[in-house]
Amino acid sequence: MVHQAVILVGGRGTRLGPLTDDTPKPLLPLAGRPFLAYLVDGLVRQGFDDIVMLAGYRGEQIERFCEEMRHPGLQLRCVAEPEPAGTGGALRPVADLLAPQFLMLNGDTLFDINLNDLATPPLPADGSTLARLALRRVPDTARYGAIALEDGRVAAMHGKGGRGEGLINGGVYLLDRRVIDRLPASPCSIETDLFPRLVAEKAIEGRVYDGFFLDIGVPDDFALAQSTIPARSRRRAAFFDRDGVLNEDVGYAHLPGQITWMPGAKEAVKRLNDAGFLVFVVTNQGGVARGYYSEEHVRTLHRWMQDELRAVGAHIDAFYHCPHHPEHGEPPYRTDCSCRKPEPGMLLQAMADWPVDLKGSFLIGDRDTDLLAAQRVGIEGTLYRGGDLDAVVSSILAHPADSSPAAGWAGGR
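Just so it is clear, the structure is predicted and the values come from calculations on it, not from any experiment.

Colleague: I would appreciate a short explanation of the overall build of the protein in the present structure.
Modeller: Within the protein, the regular secondary structure consists of 12 helices and 18 strands. The C-alpha atoms of the protein give 23 Å as radius of gyration, which agrees with the globular expectation for 413 residues (22 Å, within 12%). On the principal axes, the C-alpha backbone points of the protein span a range of 70 × 45 × 40 Å. In the protein, once contacts between residues fewer than 6 apart in sequence are set aside, the share between residues at least 24 apart is 74%. When the accessible surface of the protein is summed, it comes to about 17,700 Å², and 51% of that surface belongs to carbon and sulfur atoms. A gap of 1 Å separates the mean positions of the 43 positive and 54 negative side-chain charges of the protein.

Colleague: Quick question: what am I supposed to make of the state of the cysteines here?
Modeller: Note: disulfide means a covalent bond formed between the sulfur atoms of two cysteine side chains. Per the stated rule, a full pass over the model turns up 0 disulfides. Cysteine C66 is unpaired, with the sulfur of C78 as its nearest cysteine sulfur at 4.8 Å. When its relative accessible area of 0% is taken as the criterion, C66 is described as buried. In this model C322 remains outside any disulfide bridge; the closest cysteine sulfur is found in C339, 3.3 Å from its own. What makes C322 buried here is its relative accessible area of 0%.

Colleague: Sorry, what's going on with the nonpolar core here?
Modeller: Considering soluble globular proteins, one finds that nonpolar side chains tend to be buried as a cluster. Among the nonpolar cores identified, the biggest contains 48 residues, and L36, L43, M53, I62, F65, L103 and I229 are the most heavily contacted of them. Looking at which element gives the most residues to this core, the answer is helix 1 (residues 35-45), with 7 residues. Once residues within four sequence positions are removed from consideration, L103 is found in contact with V2, Q4, A5, V6, L43, F48, L115, L118, Y173 and L174. Counting residues in each nonpolar core, the second largest holds 30 residues, with A90, M104, I147 and L167 among its members.

Colleague: How do you make sense of the packing of aromatic side chains when you look at a structure like this?
Modeller: The description of an aromatic ring pair rests on the distance of the ring centres and on the angle between the ring planes. All chains considered together, the criterion is met by 8 aromatic pairs. With a centroid separation of 5.5 Å and 90° between ring planes, the pair formed by F111 and F213 is classed as edge-to-face. One end of the pair, F111, is in strand 7 (residues 109-111); the other, F213, is in strand 13 (residues 213-215), and 102 residues separate them in sequence. Judged on exposure class, the residue F111 and its partner F213 are both buried. One aromatic cluster is present, built from ring pairs that chain together F239, F280, Y320 and W354. Above the ring of Y38, the side-chain terminus of R33 is found at 5.1 Å from the ring centroid. In this structure, R310 packs its charged tip against the face of F48, placed 4.8 Å from the ring centre.

Colleague: I tried to follow the side chain of S361 on my own but got confused; where do I start?
Modeller: With respect to the element layout, S361 can be found in the loop between helix 10 (345-353) and strand 17 (362-365). The exposure class of S361 is buried, given its relative accessible area of 4%. Of the polar contacts made by the side chain of S361, one reaches the backbone oxygen of D357; its length is 2.6 Å. Excluding anything up to four places from it in sequence, S361 contacts R236, A237, V356, I379 and E380.

Colleague: I would appreciate a short explanation of the environment of A238 in the present structure.
Modeller: Within the element layout of this structure, A238 appears in strand 14 (residues 237-240). A238 gets classed as buried once you look at its relative accessible area, which sits at 0%. In sequence terms A238 and I364 are 126 residues apart; their C-alpha atoms lie 7.8 Å from each other.

Colleague: Help me understand the environment of R177 in this model?
Modeller: Position of R177 among the secondary structure elements: in the loop between strand 11 (166-176) and helix 5 (190-200). Put simply, R177 and R15 are 162 residues apart on the chain and 31 Å apart in space, counted from C-alpha to C-alpha.

Colleague: Where do I start with helix 11 (residues 368-377) in this structure?
Modeller: Because each turn of an α-helix spans 3.6 residues, side chains separated by three or four positions end up pointing in the same direction. Here helix 11 lies mainly inside the structure; 7 of its 10 residues are buried. Packed against the buried residues of helix 11 are helix 10, strand 17 and strand 18 (380-383). Within two residues after helix 11, G378 carries a phi angle of roughly 90°, on the positive side.

Colleague: Looking at this model, I keep getting lost on the confidence of the model for the protein. Mind explaining?
Modeller: Any segment with low pLDDT has predicted coordinates that should not be analysed in fine detail. Averaged over all residues, the pLDDT of the protein is 94; the fraction at 70 or higher stands at 97%. Residue range residues 402-413 is modelled with pLDDT below 50. Its contacts to residues more than four positions away, or to other chains, number 29 contacts.

Colleague: Before we go on, may I ask you to explain the pairing of strand 17 in this structure?
Modeller: The alternating pattern of strand 17 places F362 and I364 and L363 and G365 on opposite faces, both of which are buried. Across 4 bridges, strand 17 lies against strand 18 in parallel orientation. Within strand 18, the position partnered with I364 by the bridge is T382. Each parallel crossover has a hand, and for strand 17 linked through helix 11 to strand 18 it is right-handed.

Colleague: Looking at this structure, I do not really get the pairing of strand 8 (residues 131-138). What am I missing?
Modeller: The two faces of a sheet get side chains in turn, since along a regular strand they alternate between them. Of all 8 residues in strand 8, 7 are buried; the element is thus mostly enclosed. As defined by bridge partners, strand 8 adjoins strand 11 across 7 bridges and the pair is classed as antiparallel. Bridged to V138 within strand 11 is G166.

Colleague: Explain the pattern of salt bridges here, please?
Modeller: Once the charged atoms of two side chains with opposite charge are near each other, the side chains can pair. Under the criterion given, the structure shown has 28 salt bridges. A salt bridge links E296 to R299, with the shortest nitrogen-to-oxygen separation between them at 3.7 Å. One end of the pair, E296, and the other, R299, are both in helix 9 (residues 295-310), 3 residues apart, so they sit about a helical turn from each other. On the basis of relative accessible area, E296 is assigned to the partly exposed category, the value being 39%. By sharing partners, the salt bridges in this structure join D117, R207, K270 and D274 into a single network.

Criteria and thresholds
Per-chain numbering applies: the sequence of each chain, read as written, is numbered from 1 onward. Local features in a predicted model are, by the rule used here, given only for residues with pLDDT of at least 70; side-chain atom pairs are given and counted only at 80 or more, and totals for whole chains, interfaces and linings are based on all residues. To get the side-chain values, all heavy atoms of the structure are used, and hydrogens and water are removed first. Here a strand is any run of E in DSSP of at least two residues, a helix any run of H or I of at least four, and the numbering for each starts at the N terminus. Each radius of gyration is computed over the set of C-alpha atoms, and the globule rule expresses the reference value as 2.2 Å times the number of residues to the power 0.38. Contacts were defined at the residue level, with two residues in contact if any of their heavy atoms lie within 4.5 Å. Every accessible area reported is derived by Shrake-Rupley at a probe size of 1.4 Å, with residue values counting cover from the shown protein chains alone. Here the positive residues are Lys and Arg and the negative ones are Asp and Glu; neither His nor the chain ends is included. By convention, charge coordinates are those of NZ in Lys, CZ in Arg, CG in Asp, or CD in Glu. The term disulfide is used for any two cysteine sulfur atoms that are within 2.5 Å. Working definition: with a 1.4 Å probe on protein chains only, accessible area under 20% of the residue-type maximum means buried, over 50% means exposed, and in between means partly exposed. Residue types Ala, Val, Leu, Ile, Met, Phe, Trp, Tyr and Cys, when buried and joined through side-chain atoms within 4.5 Å, form a set referred to as a nonpolar core. We call Phe, Tyr and Trp rings a pair once their centres come within 6.5 Å, taking the six-membered ring for Trp, and we label the pair stacked below 30 degrees between planes, edge-to-face above 60, and tilted otherwise. The rule for a charge over a ring is simple: NZ of Lys or CZ of Arg within 6 Å of the ring centre, and within 35 degrees of the ring normal. In protein, a polar contact means a hydrogen-donor-capable atom and an acceptor-capable atom, both N or O and within 3.5 Å, with residues adjacent in sequence counting only if both atoms are side-chain atoms; elsewhere, any N or O pair within 3.5 Å suffices. A residue's pLDDT is the predictor's confidence in that residue, given on a scale from 0 to 100. Here, any two strands with at least 2 DSSP bridges between them count as paired. If the strands point away from the viewer and the path from the first strand over the helix to the second runs clockwise, then the crossover is right-handed. Just to be clear on terms, a salt bridge is a Lys or Arg side-chain nitrogen sitting within 4 Å of an Asp or Glu carboxyl oxygen.

As C-alpha cells, then:
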C-alpha cells in the first residue's frame, strides 16, 4: 500500500502579488496556521506518514515548517531545488527518495477526498498505467482546462480558456516512480509535458470525486479560504466499538489470527471515509488488566487492522483503548477509571485530540454500555445486533438523527 506523498511547494505565487513577497504561497496563514499544515494534517490522518516537500522559492521557510511539524511516526523531509526546474524537473533530484508508487499534491490546492481510495488498487506492476488523477467536476473549466475521461482513462487534456461545465485536474495524483523516465529535459511540467505523453500512451487513469475543492492561487480564492478551510477542518465523527462490531467477539482477541471482520465492516469504514467523517475505534480491553495480553499487543493488532483497511481504500483516524478494570489485575490497571465504557473518557479524548463536530456524530456499539457512553457526550448511539454493518451505516447516513442524544440506555458489565 502507498505511504508516501510528495508535495510541490516550489512556486513563486506571483498571482497573489505582495502576499508572497516574503512568504511561500503554501505557508500563507489561514486562521493562524499555514495552508500547508492543513494538507499535512489530511495526509497524516489517512495514513501517509512519509512526506517529501519539493521546495524552491523561500525554501528555507519550508524547511523550518517541516522541522516544526515533525513528530514520532512521521517522516517529513524538505528538498530544495538549486534552480527552478518546473513541477516535473523537481522530481529528478529526489528519484532515490521516491517509493515505487506515491501520491503527488499541489501545495496550493486543497481537494478533500479519500486519498486511500485514489491509491487503491495500486497501479499495475507491468507499467501499463503510470498515473491516476483525482478529477473534479466544476461549472466552468476556463481557469483550469478540461479533462476528457473515457472508460476510466484520460483521453484528452485541454488547455485553459474553454468554457462550460466539465472535469478538471484536482491537483492530486497517484504516480508510478517510472514516470521519471518519461520526463523531457528540465525545466518541464507534470501537467503540460508529462501528462500529455501518458495520455498518448493510454497510461493515465482518472477518477471523479465531489469533495470540497479550493485553489488558493488567486486573491479571491485565498480570501475565501480564510473562512472556509478552517471551518471545514471540523468534521462529524463515527465511533465504533471493536469486538462484536468491527470484528467477531471471540473473547479477548489480541492477535491478527483471532480477527474475523464482521460482514460489511470494511465497507462501512470506507463509506464514512468517503463521506468525510472522522472514524474512531473506542474499545474496552480489560484483558490487559487481567494479564491476558499487553497494551503493545493491542497497538500491534490495531496497526494490522489499519493495514487491512487501507488495502481496500479505508482507514481509521485513531484507535482508543481502555486497558483498565475495576476488579481485576494489579495497579495501575486495576482502577475505577474514567475511560472504561460506559464512562465517556475515550470519546472525550478523541474530541480533545481531533476537531469533532458533535452535531451529526454517532456511535455504533453492541452493548448498552457503549450507548450510555455516547449519551454522556451528547451524540447518538446505535445498538448493533449483527448483520451487514455497511447497511447499518448507510441507513444512519440516509436518515440522520437530530442533535439530541439518545435517551434511556443504562447498564454496565
